[in-house]
Amino acid sequence: MIYAVLSGFVLALLAPALYRLSARWSGVVFSVFPAILALYFLSHMEAVVGGEAVRVAWPWMPAMGLELSFNLDGLGLLFALAITVVGTLIITYAGSYLHGHPSLPRFYLFILMFMASMLGVVLSDNLIALFIFWELTSVTSYFLIGFEHDKDTARAAALQALLVTGTGGLALMAGVLLMGQIGGSFEISALAADNAALQGHRLYPLVLALVLAGAFTKSAQVPFHFWLPSAMEAPTPVSAYLHSATMVKAGVYLLARLSPVLGGSDIWLYVVTGFGAATMLASAYQALYQTDLKKILAYSTVSVLGTLTMLIGLGDKLAIKAAMVFLMAHVLYKAALFLVAGSIDHETGTRDIRNLGGLRKTMPIICAGAAVGALSMAGLPPFFGFVGKEALYEAVTHGNLPVTVIAVLTSMLLFAVAWLAGIRPFSGAETHTPKHAHDPPWTMWLGPVFLGCLSVLFGFMPVLPEKLLSAAASSVLAKEVHMHLALWHGFNALLVLSLVTFALGVLVYWQLETIKRVTAFALPAVHRGPSHWYALWLRFLNWSAVGQTRVLQNGYLRLYLATIMTVTAVLAWYTFLTYGDVTVVAMDWGDIGVHEWVVGLVALVGAIATVRAQTFLRAVMALGVVGYSVALIFVLYGAPDLAMTQFLIETLSLILFVFVFYYMPPFKRFSRRVVIVRHAVIGTAVGAFFTLLVLVATSVQWHPTISTYFSENSYLMGQGRNIVNVILVDFRGFDTLGEITVLAVAGIGVYSLIRLRLGKGRGS
Amino acid sequence: MNPFSALTPIVLLGLTPLVLMLVISFHRSHRLAVVISLVGMALPLALLAGTATSAAPPLAPLLIIDGYALFYIGLLSTATMVVVVLSYGFLERVPGNREEFYLLLTLATFGCAVLTASNHFISFFLGLEILSVSLYGLVAYLRTTRTALESGIKYLILAAASAAFLLFGMALIYADLGTMDFTAMTSVLAAKTREPSVLLLGGFGMVIIGAGFKLAVVPFHMWAPDVYQGAPTPVTAYLTTVSKGAMVALLLRYGQYGGLLDYDSVASVLAVIAVLSMFLGNLLALLQDNLKRLLAYSSIAHLGYLLVAVIAASREGSHAVTFYLVAYFITSLGIFGIITALSDERKEADEISDYRGLFWRRPWVSGALSLMLFSLAGIPLTAGFVGKFYVLTAGVLSDLWALVILLVVSSVIGLYYYLRIIITMYLSAPEDPSSPLSATRRFSLPEGLVLAGLTVLLIWFGIYPAPLLSAIQAAVGSLA
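What counts, and at which threshold
Residues numbered from 1 in each chain as written. Chains lettered and ligands numbered in written order. Predicted model: local features only at pLDDT ≥ 70, side-chain atom pairs only at ≥ 80, totals over all residues. Heavy atoms only, no water. Helix = DSSP H or I, 4+ residues; strand = E, 2+ residues; numbered from the N terminus. Rg over C-alpha atoms; globule rule 2.2 N^0.38 Å. Buried < 20%, exposed > 50% of the residue type's maximum accessible area, 1.4 Å probe, protein only. Contact = heavy atoms within 4.5 Å. Areas by Shrake-Rupley, 256 points an atom, 1.4 Å probe, with all protein chains shown as cover. Lys, Arg positive; Asp, Glu negative; His and termini not counted. Charge placed at Lys NZ, Arg CZ, Asp CG, Glu CD. Phe/Tyr/Trp six-rings, centres within 6.5 Å; stacked < 30°, edge-to-face > 60°. Lys NZ or Arg CZ within 6 Å of the ring centre and 35° of its normal. Axes fitted to C-alpha atoms, helices over the stretch in contact; angles between N-to-C directions. Parallel < 35°, antiparallel > 145°, perpendicular 65-115°, else oblique. Left-handed = near helix turned anticlockwise from the far one by under 90°. Nonpolar A, V, L, I, M, F, W, Y, C, P; charged D, E, K, R; others polar. Disulfide = S-S within 2.5 Å. Salt bridge = Lys/Arg side-chain N within 4 Å of Asp/Glu carboxyl O. Buried area = accessible area lost by both parts, 1.4 Å probe. Polar contact = N/O pair within 3.5 Å; in protein donor to acceptor, adjacent residues only side chain to side chain.

Participant: Outline the overall build of chain A, supporting the account with residue identities and numerical values.
Facilitator: Each helix and strand in chain A was counted, giving 34 helices and 2 strands. Taking 764 residues into account, the globule formula puts the C-alpha radius of gyration at 27 Å, and chain A, at 39 Å, lies well above it. The principal-axis extents of the C-alpha atoms in chain A amount to approximately 120 × 65 × 55 Å. The burial tally for chain A puts 53% of its 764 residues in the buried class. Put simply, 78% of the contacts in chain A that link residues at least 6 apart link residues at least 24 apart. When the accessible area of chain A is evaluated, it comes to approximately 33500 Å², of which 69% is carbon and sulfur surface. In chain A, the 43 positive side-chain charges and the 35 negative ones have mean positions that sit 14 Å from each other.

Participant: Which residues make up the overall build of chain B, and what values go with them?
Facilitator: A count of helical and extended segments in chain B gives 20 helices and 0 strands. Here the C-alpha atoms of chain B give a radius of gyration of 21 Å, agreeing with the 23 Å that 2.2 N^0.38 yields for 480 residues. By the burial criterion, 67% of the 480 residues in chain B qualify as buried. At a minimum sequence separation of 6, the contacts of chain B that also span at least 24 residues come to 81%. Summed over its atoms, the accessible surface of chain B is roughly 14900 Å², and 70% of this surface lies on carbon and sulfur atoms. Averaging the positions of the 24 positive and the 24 negative side-chain charges in chain B gives two centres separated by 6 Å.

Participant: Give a detailed account of the packing of aromatic side chains, specifying residues and quantitative values.
Facilitator: Counted by the stated rule, this structure contains 46 aromatic pairs over all chains. Ring geometry for Phe415(A) against Phe502(A): centres 5.8 Å apart, planes inclined by 40°, an arrangement best described as tilted. Taken together, the residues Phe415(A) in helix 20 (residues 401–423) and Phe502(A) in helix 23 (residues 493–510) connect sequence positions 87 residues apart. There is no split in this pair, since Phe415(A) and Phe502(A) are both buried. These aromatic residues form a ring-pair network of at least three members: Phe121(B), Phe124(B), Phe182(B), Phe204(B), Tyr254(B) and Tyr263(B). In this structure, Arg721(A) packs its charged tip against the face of Tyr715(A), placed 4.4 Å from the ring centre.

Participant: Quick one: what's the story with the packing of helix 5 (residues 104–123) of chain A against helix 6 (residues 127–145) of chain A, residue by residue and with numbers?
Facilitator: Residue and element names in this part refer to chain A. At a minimum axis distance of 8 Å, the contact between helix 5 and helix 6 shows a crossing angle of 155°. As the angle between them shows, helix 5 and helix 6 are arranged roughly antiparallel. Read as a crossing pair, helix 5 and helix 6 show a hand that is left-handed. From helix 5, Phe107, Phe110, Ile111, Met113, Phe114, Ser117, Met118, Gly120 and Val121 reach across to helix 6, where they touch Leu130, Phe133, Trp134, Leu136, Thr137, Thr140, Phe143 and Leu144. Split by residue class, the contact of helix 5 with helix 6 holds 13 nonpolar, 4 polar and no charged.

Participant: Can you explain the state of the cysteines? Please cite residues and give values.
Facilitator: Applying the stated criterion across every chain yields a total of 0 disulfides over all chains. Cysteine Cys367(A) shares no disulfide, and the gap to the nearest cysteine sulfur, in Cys453(A), comes to 15 Å.

Participant: I'd love a proper account of unusual backbone geometry, names of residues and values included.
Facilitator: With an omega of 5°, the peptide bond running from Val222(A) to Pro223(A) counts as cis. Of note, the amide linkage connecting Pro381(A) to Pro382(A) takes the cis form, showing an omega dihedral of 10°. One non-glycine residue, Ala216(B), lies in positive phi territory at about 55°.

Participant: An account of the side chain of Ser117(A) is requested, with residue identities and associated values reported.
Facilitator: You can see Ser117(A) is positioned in helix 5. On the basis of relative accessible area, Ser117(A) is assigned to the buried category, the value being 0%.

Participant: For the pattern of salt bridges, give the residues involved together with the corresponding values.
Facilitator: All names here are of chain B. Throughout the structure, instances matching the rule amount to 15 salt bridges over all chains. Its salt-bridge partner being Glu99, residue Arg28 comes within 2.6 Å of it at the nearest N-O pair. Of the two residues, Arg28 sits in the loop between helix 2 (8–26) and helix 3 (30–53) while Glu99 sits in helix 5 (residues 99–117), which places them 71 residues apart along the sequence. For Arg28, a relative accessible area of 38% corresponds to the partly exposed category. With a shortest N-O distance of 2.7 Å, Glu150 and Lys154 are connected by a salt bridge. In this pair, Glu150 and Lys154 are both assigned in helix 7 (residues 146–177), 4 residues apart and thus about one turn of the helix distant. The buried category is assigned to Lys154, whose relative accessible area is 4%.

Participant: How would you sum up the environment of Ala391(A)? Please name residues and give values.
Facilitator: Along the chain, Ala391(A) falls in helix 19 (residues 384–397). On a C-alpha basis, the gap between Ala391(A) and Thr404(A) in space is 12 Å, while along the polypeptide they are 13 residues apart.

Participant: Got a sec to walk through the interface of chain B and chain A? Specific residues and values, please.
Facilitator: Taken together, the contact between chain B and chain A spans 71 residues of the former and 68 residues of the latter. Taken together, both faces of the contact between chain B and chain A bury some 6400 Å²; the carbon and sulfur share is 82%. Put simply, chain B and chain A have 0 salt bridges between them. Where chain B packs against chain A, one counts 1 residue pair in polar contact (both at pLDDT 80 or more). Considered class by class, the residues forming the side of chain B that touches chain A number 57 nonpolar, 8 polar and 6 charged.

Participant: How would you explain the packing of helix 16 (residues 363–377) of chain B against helix 17 (residues 383–397) of chain B if you had to name every residue and give the values?
Facilitator: Residues and elements named next belong to chain B. In contact at an axis separation of 7 Å, helix 16 and helix 17 are set at 5° when each is read in the N-to-C sense. Classified by the interaxial angle, the pair formed by helix 16 and helix 17 is roughly parallel. In this structure, helix 16 uses Ser375, Leu376 and Ala377 to contact helix 17, whose residues at the interface are Ala383, Gly384, Phe385 and Lys388. The residue inventory of the contact of helix 16 with helix 17, partitioned by class, reads 4 nonpolar, 2 polar and 1 charged.

Here you go:
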């Protein structure tokens, strides 16, 4: 099984090369691969419906306790079959739909990579692996949505989709890490076996919120649903595959897969059901207002995703069964309808339903496929969609009244939407379209027809998929369930409810314009709201970036320094006032002699003069005064060698400065007074703190003064009576050597500067 | 084992600039300088394999050559070799003397090696200054251009100021603890009461300023964009990888011994710095049109992520930091390498608009660049993802929930601007043929090999990180 998942990646990388072998029939050639995979998964059917799960594991990052483990159970098999079967049809279709497109090889690369990632999502038992595949589906879908990269709208839509799902993905990552940390394992099966620890943990709500953020963004739940209709910029095969059959169902899959781990609590019930119910109604309503065929389908897809989410939120046996049936029905009819929409677009040059009509005459085969899809979507017998809707009604009527009302209203709206998208373009009088329509080649009608046949077949004989759906429901509920599906349940309350729905649906379709006009007031709330927030958020980010750049990054060095200083001062004073003990600073002022005061004052005057100097030379001179005063302090405190070095360095650097500054223009004052004052305040704050620290530090005495050591040991160890001599040549021999070297180097520097100057003088 | 033979890698690294200096004064040859630098960096690497196994005694008290130091020395010298290869092509295109560049570069790496092995404030400061002083020269190497001079001066003044803070901080810590030896600090700290003195905290603060400047984390980050943009691209690559990597290595070691992270107040200051860096870095990167500036901000954000793992401080944290650094090295060197290799005499390829439609002219190069950007964004199957994942794990293991969530949120912003660059590359090429850089410049063989190698490593560590992880565990394990 590991090869079944990973071979897709290898093939994807080879796709551009393989494409060159047979450009004309590339679609058919590439579709062989998913077909083989589909057969492979079918071969496991017997074992899986028998209750066995096929499991393989592969050590991956043993250091982090990660392994690549795959688990094929009922739920996984249902999704894997959807991915591979629809994948086969889509790739066949795309070969003709995108025929001659210069980027077709790239399309195969990404769609195959997407398929492999999607298989990885639904088969991984390890949460980390699942997350990785999950992100890969986001990335590959980004490239697929932005396939027409020359179109601004396509790029914007691709970016929007990736930002929304990527954000959710990162939340999911955090949720997964938390789950693994709390539950002690990253294996879903292990977590499901012991879910009490996780659900009883105080961070359970946080985990749930993070995971749901991931699932809801991926499955386009309100309020994150706006990216899916925008993503209709993608080529139609991509929309059919990613945005109805597979990727957007990944969120639903995740909820289903994790419901044994996280589900069953009250928060789960209310949050998941609530979001699902809101989504199903709001987007079914929005679908009515669309005129673009693909957007109608997109909104109805969001609605179905909401329904599935709602059912998983309810989480009881009937609801889960209904979710599985509804899901299969949706895969069958929605992919078909998308392919039909693509064919119409391809053949007529438009997707606007106001310009379409009477296509039944020119595109009979497509019309048949569309009719089956639409009727199944409308929930009419004898199609599989009817079975799905009956299961839905059975589940919600056992739930509570609000959910039932929402379900009936949604089905009513979807009935009208199905008519709008699947029947209307083919009925009525023929219209004038940009291109003259006719049936597309077989590769492009194979998909709708095949899926339509399955809808009819499963509608008449629901026993066929029954075992698979039971197995899928069993893995969601984590216990054995058996379901019995039938087209005809007898004349009961559910049937009445269905009949009411149909009647209402016909009414909505008939009075569409009136209803749209009357209820239009509610549209902005659901329609403009979330995507408006998204736009606002992006604008806010840009605005704050601009603001910060202006304030923080204006290019002035002085501001950079001031920032560092300010932070230092604030932090330092805060620390000092919190932890500091001012009493240590108490010192004996009487100890300071007059000469020390004088030296200190001279240094202070020098420092002030440096800051206030009007020319470079004056500033350097004043700085020299500070340096000499410091050297004097060294002398006063008995460090003649240090003082000596300081004197020499000061002298040399003064000479150097004089030579360099000779060429400099005089000072100019650019700063405004307020800036100068601000800098003075910052400087004083930092300086005062440093002074304080020095005072505190001087009260600490770690070692005996070093002079004691020298006087005791100079004769014993250095064999000399002149202590200073011994220190210079013996105890600190290397220091002396170093100082001499520094002096020599500095001297050479001065000499070369002088020579440079003379040389220039001669030259000119 | 003779303690001095353990020093061999560092001694060799120190000899390299000396040899270069002598050779340059007798015979100027760009090619020869490159070869000497490469050999100088490769020799210690070859010796590492031998020394790593034997437990080296600390060269009391300044340096300690343990597996940790050796791992980082290996990493830093390898990265330097990449920079040397990139510099060759770069310097061939600019006028003036070229050989001294390698002198400064190898000297800087010597300073970095001292930093990674230092076990004492003295060696810490010496290593840092050797690094900084070399970098002043490197940043302003193209001294005839305005931007290089400007960034050189900015770097010089700010680095000097921060070094002053650092030095003062060391003095304060010494005043409180009575030792500058990291190992000795541990025992002194263990004997002290938990109530921190103002001297110690003040000292920690100053050390954080000094280190924070080198790492360019908020609020000590302001030099980064200007210097990144103005410095020669190979130097920018060096700044963002080797220079920061050495500082991180030191910070980890010091954090382990010096009690830096044992105090809540210090940890919370670091946490604030991490959060600010993640958010400001990512936000400011949003609007950049210059790729080098953008990467400067992105680097600020990435160091913020790293700090999260540093704060986590557990053994998991040290592993995560090291892995993240390796991934970050590979990615950054790759991106800056591509920028360098695409530039030509007329124009440096540092504007995002230069990359418009690159895919259609150079599919392999733009493919590699996309992978690098995905790695920075932390998308799976790249080393960057494993690194980010590891950092998050370390955060979760240390119960740093808030930091983990903030890291995730700020990464979302990051996603946006990395994608912007990728989108630009896949646009159709502009009509005006004079505007973009000449995409006709062929990569030289070494450039091509290095970039291909980096890309392969990026994917390899992204898919199968187990060998690197166990190597890191072995090396970092010697830290505790």
